[in-house]
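Here is what each chain is made of, one letter per residue.
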Amino acid sequence: MMTIPTSLAPTEAPAPSASAGRVDLWSFPLDRPAIDPSTLSPDERIRAARFKFDEHRRAFIVGRSWLRDVVGAYAGLPPREVRFRCLDRGKPILDAAQPVAFSLAHSETLGVIGIGLEGPIGVDVERVRSDVLDRAAAELVLSPAELGLIDRAPHRDRAFLRCWVRKEAYATAHGNGLERDHARITLTVGRGTVDWEGLRNRDVPIDDASICAVATPIGIVVRYRGVWQPPALDGES
């Protein structure tokens, strides 16, 4: 039985490798400055400069730096040699012969990356917080069954976030954002997995302060590997 780490302390892990039928989920801290931002491409630097707020710009730069490190390790490429291209709605994919699928999400200072050989993959994460339930927004994208689940839950904010991240992960796997049509789909029924149109949607515990969901093709096993430790940080105290 796998033990789920409950802290964001770096883990000592073997060299990562993608295996058929498996998606690895890694977390990383967005507030750690040691990751190398110089690996970003010129296009990514231009995109970062367009953000109006510094916190959003920093989240993009740090998140993409971590993403390059993880994807590069799995694809056998140095981080600065990783090349992405975007689908029509902006979802990045690897522009290389290596069959690596991935998804990146972040909330506040926590980032997560799901990566494997078979896609599509969709990941979303939210830090747990109070007074987050927006009923009007929920009614746009959550099904009546999901709204009822929230209304019956003892902790409605946490229940709302669980439903929300599953919808976000499902939408991300398809390469688009949340839409009104998603209100006809029920992806959260208790804590069990839900299969819909070839994708399996499930919660993946990371720590007590966050809620994470992953969508993958049916039959794929998802495992949380811990906190990603970039090779460049090896030996730090």
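Now for a quick tour of the structure. (Residues numbered from 1 in each chain as written. Predicted model: local features only at pLDDT ≥ 70, side-chain atom pairs only at ≥ 80, totals over all residues. Heavy atoms only, no water.)

Regarding the sheet that holds strand β1 (residues 22–29)
The sheet built from four strands is open, its strands ordered β4-β5-β1-β10 with mixed pairing. Each end of this open sheet is capped by a strand with a single partner; those strands are β4 (101–107) and β10 (221–227). Strand after strand, the sheet turns through a mean of 20° between neighbouring axes, direction not considered. The sheet contact formed by β1 and strand β5 (residues 110–116) spans seven bridges and is antiparallel. Its bridge partner lying in β5, W26 is registered against I113. Against the sheet, helix α2 (residues 54–75) engages β1, β4, β5 and β10, with an angle of about 140° to β1. (Pairing = 2+ DSSP bridges. Helix = DSSP H or I, 4+ residues; strand = E, 2+ residues; numbered from the N terminus. Axes fitted to C-alpha atoms, helices over the stretch in contact; angles between N-to-C directions. Contact = heavy atoms within 4.5 Å.)

Some thoughts on the nonpolar core
One broad trend across soluble globular proteins is that nonpolar side chains are buried collectively. Judged by nonpolar contacts, the single largest core of 24 residues is most densely connected at L142, I150 and F160. One finds V62, V82, F84 and I113 within the second-largest nonpolar core, a separate group that totals 19 residues. (Core = buried A, V, L, I, M, F, W, Y, C linked by side-chain atoms within 4.5 Å. Buried < 20%, exposed > 50% of the residue type's maximum accessible area, 1.4 Å probe, protein only.)

Re the packing of aromatic side chains
The final tally for this structure, using the stated rule, is six aromatic pairs. Three or more aromatic residues joined by ring pairs form one cluster here, namely W26, Y74 and W228. (Phe/Tyr/Trp six-rings, centres within 6.5 Å; stacked < 30°, edge-to-face > 60°.)

Notes on helix α4 (residues 144–152)
Three or more residues of α4 are buried, namely E146, L147, G148, L149 and I150. The inward-facing, buried residues of α4 abut α3 (135–141) and α5 (156–173).

Looking at the sheet that holds strand β6 (residues 122–127)
The strand order β6-β9-β8-β7 describes an open sheet built from four strands, whose pairing is antiparallel. Either end of the sheet is taken by a strand with one partner, and the two such strands are β6 and β7 (194–196). The average angle at which neighbouring strand axes cross in this sheet is 15°, direction not considered. With six bridges connecting them, β6 and strand β9 (residues 210–217) associate as antiparallel partners.

Scope: geometric values only; no functional claims are made or implied.
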